[in-house]
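Now for the letters of each chain:
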Amino acid sequence: MAKSTSGSFDLKEPPPWQSCQYCLSPVSARSAEQTSSQDQQQSQQQQQFLFKNTSEFVRHLRQQHCTVEGGSYVCRYGYNGVCASLPLDGVSDRDYDTHVTRCHVQAQQKEPHVKWSVFSAAQNLPAVLNDPSRGKQTNFFTKKWGDGFVEGASIGPSPRLADIRWDQFDAYLKRIGKRYRVHTRIANVPTANATSQQALVSDRLPNGATASLSDIPEVFLKQHLELHRPATFAAAFAGIGTEGGEQTRQSSRQLQERLSHYLDIVEVLIAKQVADKSSAFFHAMTSQDAIMEQMTQALANVQRLRAKIAQIDDMIVRESLQVVRAERIRSNNNLVLEKLKLMSTVHQTQPMIQLLLSTQDYVAALDLISTTQEILGQELTGVHCFRHLPSQLCEMELLIDKMLKTDFERYSTADLNRPFREAATREERVLEEDKLICIISGLLRKRSLDFIDTYRDEAITTVRAIVKQLVIEVIASGDAEVCLTGAGEEAQSLSLSEWIVLLEGATGTLLKLLRRIRAVHDVMQQTADASAGRLTDDVSFIDTEAFLSAADYAVVQGKLANLLQSVCNYCHERCANLVSNQSLERSSVSAEQIAQLAQIVERFADGCQAACGVQSAPLKLALCAQGNRFAQKFHTERKSKLALLLDSERWKQAEVPAEFQTMIDCIARGEFQWSKPALNGHQQTNGGGVAPPPPQSVLKVEGEPFALVGAALLLVQIVSEYCRCASQLPVIAPQLGRNVVDLLRMFNSRCCQLVLGAGALHVAGLKTITSSNLALVSRALELVLWLLPHVKRHFRALEGASAAPAGVNHTTSGSAAGPLTNGGTHQPTQQPPPPPPPTSASSSSSTTTYSSIAGYDSVEKDFVSHIKEIENKVLSIVCDVVTGQLNNWDARPPVPSQPFRNISRQFVKLHEAIAPILPEKQVHTIYRTVQRNFKDKLREQLLRNNITNNGGPQHGVVVSELTFYMETLRTLRAMPVAELHDDTMDDIWLK
């Protein structure tokens, strides 16, 4: 606690003299939780340790915290009875009072000294600097070291520590307080020894005065008495040299007497101090004798112990060490013997390797070389006689590697070029299988994994030679002279039949070669499995040890898979090269020949998949390219034929031959295959003779008559030819499906240009486009709409059947064609759900399927829109006539007026034009629309002329006109009878 500048203590805490710090604590420090009765009892016990002034505090210190030793006062006011300012020395009575006043009454209050430990440290500098949770500290070099260097964190009370209160120490304080007071009283009672010592040695001087250090000036009590300094000399020898004569001699005598007095005081105090500490001197001397006796006894014990240890060393330890030394010598001798045996074994390595190579046991020879090299590198390092053996073993290993590669190349060439068996059904056997296993095992043990690539290259060379030889044989069998160039695949000059024979022979021979390669591949696979420690059923690999690592085994697996795939793909590519780009273009090919070619390709693809387990695309792509050329030529011919027919079409109703009717009936049943004899066989007379079926005026489609033009009949026939060709050649079915879409688009576009666009006036020489022409076009388009679902279902079934072997499960298009209503409007049926997403193996075919389906849907929308445009065109013609006549009409006699006569005449012409062509329901729909337009125009005219249904003359004229109009409609039967009553015209009058 710090003092203020005025000398008074800080009021925040009481002064140090108000209470004794080393007796029981004052009442103010007790807990406030004690009861009132306990406060009264404790206050009575503590009252004696509270002081009102400094005199009481000094008296308490003299009585309780001071001891008298030989006339000197020793202060005991401190921790463990030792004063911090005056720990051991005793002082006089006056000096003791000065010490108490200066050090205990007016001193600052200090905390008791506590021994420092690691728990006393406020901060740990390395911990603060290396704190990972603090990150980079920007104010690190500006802060001062101390308790506030690191932000303090409040630590809550621990739940594991109990809450200790002051009242829990009351029982302890009551019990110990009584004992402490008794101990204090006993300690202050002077003992007999102290009294006797004080009686023996007194602190009185010869003159009777009391000896005290306070009588000696302080200059003599300093640690260093520097008399050479003038000030110190003047203080020690006061009065010397300042006066002269007799006074100087008297001053010197007084100084001598004073110094003698000071010496007497010091001698008396020293004698008293020695008398007080005499017991301690005697005790130290006594202890020194005891220590000397103990040292003598310890020395004797040490000598005895050393003698016993020497005896134990001679009798027990040395003999045991001799046994250990002998055992070590025996062990070393055994090691030398083992080394000699090992050297003898290594010496026989080269003859053993020669023996193993003579039996073609390459794996054992390589293992022996590897083991010997390992022994030379680990066990026989530094042996002089074997210094050349490692290099010799390395040369032998290189020689074995070269032998293995050479033997494998010879075996591959001999195996692939040996003649094939005549019977194609017999399985190919491996040539000298045991030799092949030994060679492959040696190559795997040597980790020369490129032997698989070598075999693949040899197989590809063999395939190239076989194809070239077959081409030479086919060309030699003909009469033409051809010079082979390049790879020997000059087949452009061959005829189509020779070309097919060549392809069939090449595919058959290559299939046999692939089976032979597959047999060698299986032997390689079994050898690799046995070398990698995998189970195998072949007895040839029972004793084989696993030496192939997992990484090398994975590499071998990849190379073996690539072997079959590469050879199979190359065979397909060579066969695809035989398919010339100009062979089909220079000759007229039939669908049967394309089908025969497809069978050869399919048979070869199935054989490759069975032999190699892989599917190759080059040959099939070449077949598809040829098929697409055939389909394109087929499509071009039909498209040109249809375009010429459309350009020459007069757009009049044509008769329908019986074969077209039969064709439509078969299509309705989902069949696109029929023959003319079968068609003619259905028409027989009662006499048994076959008569030609008479043509019909209309075409019956599921019971509904269709009046058609000749171009529409030809379109149906052409579309059926597309379907039959697709059934015969599924490989080009997608292309034919797209061609059908293109053909239908061309038919729709050309019909629109010729009829709606009036192109037939210039091309076919028509004078005008009548309603009859428009109706015939509409019926032709409706027939195509009926045909579209059947065609789409047919092509989807073909595409699904071609994709099924590839593992694609397409949903069969089973949507039947929607029936045509009596009005002739096409009602599209609900389409089946789309097929599931295709797999990677058939993504191209699935994409084609979806695109063709979308093309059919687009064509269907175009046809429906075209039919609607034709109907709107017919309605616009009639409505324009009605509008023009009603604009010139006025409600006046005669009745019927000329405008109404013209309107009736126009209705009759329209009915005569469309009634024989369009179905009745569609005719009713047209006339219903015309009548609605007639009502709207008539209502506008009545409103313009201000004619109302008031029973006047004009109203009567209008009623008469409407009666004539309704009679015309009843006569034509243009609408149902229920819609031809006179009251149906009442809505023309405004309410």
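Help me understand the overall build of the chain in this model?
Assigned secondary structure in the chain consists of 29 helices and four strands. With 991 residues in all, the chain has 36% of them scored as buried. Here the contacts in the chain between residues at least 6 apart in sequence split such that 73% fall between residues at least 24 apart. Here the chain has roughly 58200 Å² of accessible surface; of this, 54% comes from carbon and sulfur atoms.

What's the story with the packing of aromatic side chains in this structure? I'm lost.
How two aromatic rings sit relative to each other is given by the distance of their centres and the angle of their planes. Under the definition given, this model contains 14 aromatic pairs. Seen from their ring centres, F57 and Y77 are 5.9 Å apart, and the 85 degrees between their planes marks the pair as edge-to-face. Taken as a pair, F57 in helix α2 (residues 54-64) and Y77 in the loop between β2 (72-75) and α3 (93-105) lie far apart in primary sequence, 20 residues in all. We classify Y77 as buried; its relative accessible area is 6%. Pairing F408 with Y455 gives two aromatic rings, centres 6.2 Å apart and planes at 55 degrees, and the pair type is tilted. With F408 in helix α12 (residues 389-417) and Y455 in helix α14 (residues 451-477), this residue pair connects regions lying 47 residues apart in the sequence. Of the two residues, F408 and Y455, both sit in the buried class.

Where do I start with the pairing of strand β1 (residues 66-69) in this structure?
Consecutive residues of a regular strand have side chains that alternate between opposite faces of the sheet. Where β1 meets β2, four bridges bridge the pair, whose relative direction is antiparallel. Bridged to T67 within β2 is V74. Between β1 and β2, which pair antiparallel in sequence order, lie two residues; one of them, G70, sits at a positive phi of approximately 65 degrees.

Teacher, can you tell me more about the packing of α14 against helix α16 (residues 550-578) here?
Helix packing geometry: the angle between the two helix axes and the distance between the axes. Following both chains from N to C, one finds α14 and α16 inclined at 15 degrees, their axes separated by 10 Å at the closest point. Relative to α16, α14 is oriented roughly parallel. Note that α14 runs across α16; the crossing there is right-handed. Counted together, I452, D453, Y455, R456, A459, I460, V463, R464, V467 and V471 of α14 and V556, K559, L560, N562, L563, S566, V567, Y570, C571, R574 and L578 of α16 form the full contact between these two elements. Partitioned by chemical class, the residues of the contact of α14 with α16 number 14 nonpolar, two polar and five charged.

Please clarify how the nonpolar core should be interpreted in this entry.
Side chains of a nonpolar character, in soluble globular proteins, are inclined to be buried together. Core analysis: the largest hydrophobic core is formed by 105 residues, its most contacted members being W651, F747, F907, Y927 and F934. Per-element accounting of this core gives the leading share, 15 residues, to helix α25 (residues 771-803). Discounting residues that sit within four places of it in the chain, W651 has contacts with L646, V709, C751, L754, V755, A760, L766, N773, L776 and V777. The next biggest cluster of nonpolar side chains, apart from the first, holds 76 residues, and it includes L357, Y553, V567 and A611.

Help me out: how do you make sense of the environment of V930 in this one?
Inspection of the secondary structure assignment puts V930 in helix α28 (residues 920-945). The spatial distance from the C-alpha of V930 to the C-alpha of V878 is 7.2 Å, given a sequence separation of 52 residues.

Explain helix α27 (residues 898-914) here, please?
For α27, built from 17 residues, the straight-helix expectation of 24 Å at 1.5 Å per residue is met to within 8% by its first-to-last C-alpha distance of 25 Å. If you check which residues of α27 are buried, you get P899, F900, N902, I903, S904, F907, L910, H911, A913 and I914.

Got a minute to help me understand α2 in this structure?
Note: α-helices contain 3.6 residues per turn, so residues at a spacing of three or four share the same orientation. Among all positions in α2, only F57, H60 and L61 are buried. The buried residues of α2 occupy an angular sector of 100 degrees when projected down its axis, which confines them to one face. Contact partners of the buried residues in α2: β1 and α3.

Would you explain a nonpolar patch on the surface in this entry?
Among the surface-exposed residues, I312, M315, I316, V317 and L321 lie close enough to one another that they form a single nonpolar patch of about 470 Å² accessible area. By the secondary structure assignment, I312 is in helix α9 (residues 278-347). Note on I312: relative accessible area 47%, which makes it partly exposed.

I tried to follow the confidence of the model for the chain on my own but got confused; where do I start?
The predicted coordinates of low-pLDDT regions are not to be read in fine detail. Mean pLDDT over the chain works out to 75, with 75% of the residues at or above the 70 mark. This stretch, residues 1-12, has a pLDDT under 50; its non-local contacts, to residues over four places away or in other chains, come to 21 contacts.

Please explain the pattern of salt bridges as it appears in this structure.
Any two side chains of opposite charge can pair, so long as their charged atoms come close to each other. Going through the model one piece at a time under the given rule, you end up with 21 salt bridges. For D97, the salt bridge goes to R62, with nearest N and O atoms at 2.4 Å. Placement of the pair is D97 in helix α3 and R62 in helix α2, with a sequence separation of 35 residues. Looking at D97, the relative accessible area reads 31%, which means it is partly exposed. The partner of E967 in a salt bridge is R970, with the nearest N and O atoms 3.0 Å apart. Highlighted residues: E967 and R970, both in helix α29 (residues 953-972), separated by three residues, approximately one helical turn. With a relative accessible area of 41%, E967 lands in the partly exposed category. The exposure class of R970 is partly exposed, given its relative accessible area of 28%. Salt bridges linked by common partners bring D453, R456, D457 and K559 together as one network.

What am I meant to see in the environment of F451 here?
Residue position: F451 is located in helix α14. Expressed as a C-alpha distance, the spacing of F451 and V556, which sit 105 residues apart in the sequence, is 10.0 Å. Sequence-distant contacts of F451, that is, excluding residues within four places in its chain, are made with F408, I440, L443, L444 and M524.

Explain the environment of D401 here, please?
Here D401 lies in helix α12. According to the relative accessible area criterion, D401 is buried, its value standing at 13%. The sequence separation of D401 and K446 amounts to 45 residues, and the corresponding C-alpha distance is 7.1 Å. Residues within four places of D401 in sequence aside, it is in contact with K446 and S448.

For this particular structure, what's the right way to read unusual backbone geometry?
With the exception of glycine, most residues fall at negative phi, and the peptide bonds are largely trans. Here P893 and P894 are connected by a cis peptide whose omega angle stands at 0 degrees. On the secondary structure map, P894 appears in the loop between α26 (843-887) and α27. With phi around 60 degrees, W651 is a residue other than glycine that occupies positive phi space. Inspection of the secondary structure puts W651 in the loop between α19 (618-647) and α20 (658-668). Using a relative accessible area of 2% as the deciding quantity, one classes W651 as buried.

What counts, and at which threshold
- Position labels on residues start from 1 in each chain and follow its written sequence.
- Since the coordinates come from a predicted model, pLDDT governs what is reported: local features require at least 70, and pairs of side-chain atoms require 80 or more to be given and counted, while whole-chain, interface and lining totals use all residues.
- By convention in this description, side-chain values take in all heavy atoms of the structure and omit both hydrogens and water.
- Helix numbering and strand numbering both begin at the N terminus, where a helix is a DSSP run of H or I of at least 4 residues and a strand a DSSP run of E of at least 2.
- Three labels apply to residues, based on accessible area from a 1.4 Å probe with only protein chains included: buried if under 20% of the type maximum, exposed if over 50%, partly exposed otherwise in between.
- In what follows, residue pairs with any heavy atoms lying within 4.5 Å of each other are defined as contacts.
- For accessible areas, the Shrake-Rupley method is used with a probe of radius 1.4 Å. Any residue's cover is judged against the shown protein chains and nothing else.
- Any two of the Phe, Tyr and Trp rings considered here, Trp counted by its six-membered ring, make a pair once their centres fall within 6.5 Å; the pair's planes then place it as stacked at under 30 degrees, edge-to-face at over 60, or tilted in between.
- Strands were regarded as paired on the criterion that DSSP finds at least two bridges between them.
- For every element, the axis is a line fit to its C-alpha atoms; helices are fit only across the contacting stretch, and the angle between N-to-C directions ranges from 0 to 180 degrees.
- When an angle is under 35 degrees it counts as roughly parallel; over 145 it counts as roughly antiparallel; between 65 and 115 it counts as roughly perpendicular; any other value is oblique.
- In this scheme the crossing of two helices becomes right-handed for a clockwise turn of the near helix relative to the far one and left-handed for an anticlockwise turn of less than a right angle.
- Gly counts as polar in this scheme, as do all residues outside two lists: the nonpolar Ala, Val, Leu, Ile, Met, Phe, Trp, Tyr, Cys and Pro, and the charged Asp, Glu, Lys and Arg.
- In plain words, nonpolar cores are sets of buried Ala, Val, Leu, Ile, Met, Phe, Trp, Tyr and Cys residues tied together by side-chain atoms within 4.5 Å.
- To estimate the expected span of a helix, count its residues, drop one, and scale the result by 1.5 Å.
- The arc in question is formed by the directions pointing from the helix axis toward the C-beta atoms.
- Candidate patch residues must exceed 30% relative accessible area and have no salt bridge, after which like charges are joined if within 9 Å and Val, Leu, Ile, Met, Phe, Trp or Tyr side chains if within 5 Å.
- Any carboxyl oxygen of Asp or Glu within 4 Å of a side-chain nitrogen of Lys or Arg constitutes a salt bridge here.
- Confidence of the predictor at the level of single residues is given by pLDDT, which spans 0 to 100.

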